[in-house]
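Summary of the model geometry
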Amino acid sequence: MTDHRTRFLRLAIQSEALRFGEFTLKSGRTSPYFFNAGRFDSGAALAGLAGCYADAIDAAGVDFDLLFGPAYKGIPLATALACEYARRGRDLPVAFNRKEAKAHGEGGHLMGAPLEGRRVLVVDDVMTAGTAVREALAIIEGAGGQLAGIVIALDRQEVVDPTRSRRSAAQSVAQEHRVPVVAVASLDDLLAMAADHPGLAAHREQLLAYRDAYGSEDPGAAA
């Protein structure tokens, strides 16, 4: 497992962004784990997370020149990532959207740098059904930008509807829009860590059973 994956999973567990137990998801499924990027709630945690994002993006070789954070969780993630790249010597423009258009001031749904003519990297936490990304794509195209790729923190590698397709949301979006979907870490990485981590070993069987029930056909083929 590459270092940024290990660092991310350890940071997620330490921050309680990644928790284990019994959780009911929006889909109605009962999951043995839950990821909430909102628990990266300090400067140090966000800085560490941004470093993991940047390492994953650089390892994937994505070609982009603007960071876009979909409201709401994508906003602090893209901002923290822009700060991390500035620390590394690359000053990137950053933009994000509002859920509701602003009627006064500059107005509109968008804030930050202009998207027109830019190769845009969408920064988000997870991808479940791909709905948020498709909404972001419409905003980017409407503003004259070009989608260069998507980066997420954790790929759950699970199918949206097992009766229709065994592709995960990340796989579907990558194939539909022909762009890379980069995950800092995945369920497979979590399972690999659980095999050697005493604190996670107790959850490994439940994680495996969940993957067997809802996992995509080829979990490693997101991008």
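Note that this is a predicted model, so its numbers are computed, not measured.

A separate point is the packing of aromatic side chains. The full count for this structure, using the stated rule, is seven aromatic pairs. For the pair Phe64 and Tyr85, a centre-to-centre distance of 6.1 Å together with 65° between the ring planes defines the contact as edge-to-face. You can see Phe64 sitting in the loop between α2 (43-60) and β3 (66-69) and its partner Tyr85 sitting in helix α3 (residues 74-87), a full 21 residues away along the chain. There is no split in this pair, since Phe64 and Tyr85 are both buried. If you follow Arg90 out to its NZ or CZ, it ends over the ring of Tyr85, 5.9 Å from the centre.

Feature annotation in UniProt places "binding site: orotate" (unreviewed entry) on Phe34, Phe35, Thr128 and Arg156, given in this structure's numbering. Their sequence span is 123 residues, while the largest C-alpha to C-alpha distance among them is just 12.3 Å; these annotated residues converge on one region. Here Phe34 is to be found in strand β2 (residues 30-35). Setting aside residues no more than four positions away along its own chain, Phe34 makes contact with Ala17, Leu18, Arg19, Phe23, Leu25 and Arg156. Positionally, Phe35 belongs in strand β2. Sequence-distant contacts of Phe35, defined by excluding residues within four places in its chain, comprise Phe8, Ala12, Ala17, Leu18, Phe40, Asp125, Val126, Ala153 and Leu154.

Here Glu158 lies in the loop between β7 (146-155) and α5 (169-177). Only 2.8 Å separates the side chain of Glu158 from the side chain of Arg156, close enough to count as a polar contact. In this structure, Glu158 is in contact with Leu25, Arg29, Ser168, Ala169, Tyr210, Tyr214, Gly215 and Ser216, ignoring residues within four places of it in sequence.

This brings us to the confidence of the model for the protein. For the protein, the average pLDDT comes to 89, and 91% of its residues sit at 70 or higher. The element-level mean pLDDT for the protein is lowest in strand β4 (residues 94-102), coming to 79, with α2 highest at 98.

A few words on helix α8 (residues 204-214). For the α-helix, the turn length of 3.6 residues means that residues three or four positions removed from each other point alike. Turning to α8, its buried residues number three or more, namely Leu207, Leu208 and Tyr210. Buried positions in α8, seen along its axis, are confined to an arc of 160° and lie on one side of it. Projecting away from the buried face of α8 at angles above 90 degrees are the exposed residues Glu205 and Asp212. Buried residues in α8 make contact with β1 (18-24), β2 and α6 (187-196).

One way to put it is that helix α4 (residues 131-142) packs onto α5 with a least axis distance of 10 Å and a crossing angle of 25°. As judged from the angle between their axes, α4 and α5 are roughly parallel. Each of Val133, Arg134 and Leu137 in α4 lies in contact with α5, whose residues at this interface are Ser172, Val173, Glu176 and His177. Its residues assigned to classes, the contact of α4 with α5 shows three nonpolar, two polar and two charged.

Calculation rules
Residues numbered from 1 in each chain as written. Predicted model: local features only at pLDDT ≥ 70, side-chain atom pairs only at ≥ 80, totals over all residues. Heavy atoms only, no water. Phe/Tyr/Trp six-rings, centres within 6.5 Å; stacked < 30°, edge-to-face > 60°. Helix = DSSP H or I, 4+ residues; strand = E, 2+ residues; numbered from the N terminus. Buried < 20%, exposed > 50% of the residue type's maximum accessible area, 1.4 Å probe, protein only. Lys NZ or Arg CZ within 6 Å of the ring centre and 35° of its normal. UniProt positions renumbered as here; feature names shortened; annotations may be inferred. Contact = heavy atoms within 4.5 Å. Polar contact = N/O pair within 3.5 Å; in protein donor to acceptor, adjacent residues only side chain to side chain. pLDDT = per-residue confidence, 0-100. Arc of directions from axis to C-beta. Axes fitted to C-alpha atoms, helices over the stretch in contact; angles between N-to-C directions. Parallel < 35°, antiparallel > 145°, perpendicular 65-115°, else oblique. Nonpolar A, V, L, I, M, F, W, Y, C, P; charged D, E, K, R; others polar.

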